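Coordinates in review
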Amino acid sequence: TCGPVIDIGGTCDLAALTTALESTSCTIEQLFPQQDAESIAATVAGLCEYDAPVQYVEIQGTFQDDHRYFDGGGDVADGEYGFEMDTARLNRFIKNSMGDSLISWPEYEQKEEYNAANDYGANGYMTNFNIDRNAEKGSCQMNTVMCCFTDSVKDDLVDNTDVCHYDLASSPQSNHVNAGWSVFTEDESAHCVGFTWKEGEASDIYKGNALFYASMYQTATKGYTSNVPGAPMCACMEQMPVVTEAACVSATGSDLNYKFIVDRDSGEVSATHSVTMTYEDCGTDLNTRVKEVHRGTSIATAIDEYLVGSNNCDEVNADYLNDEQLLVTSATTRFTNIDGA
């Protein structure tokens, strides 16, 4: 007989399950009767990816809630029912599950058909976190995500950056604009925070947790809401505004363990996990962290295009406007006519 609990250790895949079964009287064929080898492999992969971790959609409940939130809207930003009521579900997750849950990267069944039909890849990721269409399941090309908040409905917003400019064509699925740009010349309050990960390492495994900590946790605990006008509130770095600086956070797990559960009556197999999570600041800013993690790669240099350094907005904006044919004679002067008059 199989189960009722099969402990497969810290890796969830067919090889780990097969190895765990070797010390039992159960075979892989008995665990998944009437399935051939290819079907068994697909079933195990699905259980590991979608059943074992907490799916991101489980936190708020729907794709629409998540998409509106990451674009800067939703019940909390709109004050639908009052802050305490609007964040009640987030606070329950923070209290009861955040510290011992592996959170998946946001993926949604209702996006799969749309993404495939619109050249966003064979996946269900929302476009905020799905811009590398050549990747197997989509990704952020710079392996970095940033959230920028511009308002708070609870505590005072900690202004930690200056917003320089934004290319509206970077996020047409968020702002519904195909082309255009915005330049910010006033020191409007904004708080930006992000994280980065390296493929195949622990930071990759826990990037869904880091996303929750950088986004919804900040909203529920500090009241941070609202996006830079025209931009998503949270997205891949390539879709976010150019700013001077950003805080950095991380999520790490220990004692990660997966188990397959066999229902004694039906024989149905499910998967679960256990883990102890730690969330913290990186101890440095996001630009520095990205350079450390991705040293020697194009990501380490590309980050300077998005995090340009303290007090550099004027110079960066002048260069940007010159590229858009609105000539600026220096970083500190007004625009001039193209003929120089």
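As the structure is a computational prediction, the values presented were derived from the model and not from experiment.

**Side note on the sheet that holds strand 5 (residues 181-183)**
The sheet built from three strands is open, its strands ordered 5-4-9 with antiparallel pairing. Pairing within the sheet leaves two strands with one partner each, and these edge strands are strand 5 and strand 9 (242-243). As defined by bridge partners, strand 4 (residues 163-167) adjoins strand 5 across three bridges and the pair is classed as antiparallel. The residue bridging His 165 from the neighbouring strand is Val 183, located in strand 5. Helix 16 (residues 313-323) contacts strand 4, strand 5 and strand 9 of the sheet and is inclined by roughly 25 degrees relative to strand 4.

**Quick look at the nonpolar core**
If you look at the biggest cluster of nonpolar residues, it comprises 65 residues, and the most contacted ones within it are Leu 17, Leu 31, Phe 212 and Phe 260. The element best represented in this core is strand 10 (residues 247-262), accounting for six residues. Formed by 24 residues, the second largest nonpolar core is a distinct cluster that contains Met 142, Ala 190, Ala 246 and Leu 307.

**Some details on the packing of aromatic side chains**
In the structure shown here, the tally under the stated rule is 13 aromatic pairs. Where Tyr 69 meets Phe 70, the ring centres are 5.3 Å apart and the plane angle is 75 degrees; that geometry is what we call edge-to-face. Grouping aromatic residues by their ring pairs yields a cluster made of Tyr 56, Tyr 69, Phe 70, Trp 105, Phe 129, Phe 195 and Trp 197. A cation over an aromatic ring shows up here: Lys 207 above the ring of Trp 105, its NZ or CZ 5.5 Å from the ring centre.

**Topic: the environment of Asn 91**
Here Asn 91 lies in helix 8 (residues 88-96). Measuring from C-alpha to C-alpha, the distance between Asn 91 and Met 216 comes to 9.5 Å, with 125 residues separating the pair along the chain.

**Let's talk about the state of the cysteines**
Taken as a whole and judged by the stated rule, the model has seven disulfides. Here Cys 2 pairs with Cys 26 through a disulfide, and the sulfurs are 1.8 Å apart. On the sign convention where negative means left-handed, the S-S torsion of about 80 degrees between Cys 2 and Cys 26 marks this disulfide as right-handed. Of this pair, Cys 2 sits in the segment before strand 1 (5-9) while Cys 26 sits in the loop between helix 1 (14-21) and helix 2 (28-31); the two residues are 24 residues apart in sequence, bridging distant segments of the chain. Across the pair, Cys 26 and Cys 2 agree in class, each one buried. Covalent S-S linkage joins Cys 147 and Cys 234, the inter-sulfur distance amounting to 2.2 Å.

**Considering the pattern of salt bridges**
Taken as a whole and judged by the stated rule, the model has five salt bridges. The shortest N-O distance in the salt bridge between Asp 78 and Arg 68 comes to 2.9 Å. Here Asp 78, found in helix 6 (residues 75-78), pairs with Arg 68, found in helix 5 (residues 63-70); they are ten residues apart in sequence, far enough to count as distant. For Asp 204, the salt bridge is made with Lys 207, and the minimal N-O distance between the two is 2.6 Å. Accessibility classification places Asp 204 together with Lys 207 in one group, the buried group. Three or more residues joined by partner-sharing salt bridges are found here, namely Arg 68, Asp 75 and Asp 78.

Rules used in this analysis
- Residues numbered from 1 in each chain as written.
- Predicted model: local features only at pLDDT ≥ 70, side-chain atom pairs only at ≥ 80, totals over all residues.
- Heavy atoms only, no water.
- Pairing = 2+ DSSP bridges.
- Helix = DSSP H or I, 4+ residues; strand = E, 2+ residues; numbered from the N terminus.
- Contact = heavy atoms within 4.5 Å.
- Axes fitted to C-alpha atoms, helices over the stretch in contact; angles between N-to-C directions.
- Core = buried A, V, L, I, M, F, W, Y, C linked by side-chain atoms within 4.5 Å.
- Buried < 20%, exposed > 50% of the residue type's maximum accessible area, 1.4 Å probe, protein only.
- Phe/Tyr/Trp six-rings, centres within 6.5 Å; stacked < 30°, edge-to-face > 60°.
- Lys NZ or Arg CZ within 6 Å of the ring centre and 35° of its normal.
- Disulfide = S-S within 2.5 Å.
- Salt bridge = Lys/Arg side-chain N within 4 Å of Asp/Glu carboxyl O.

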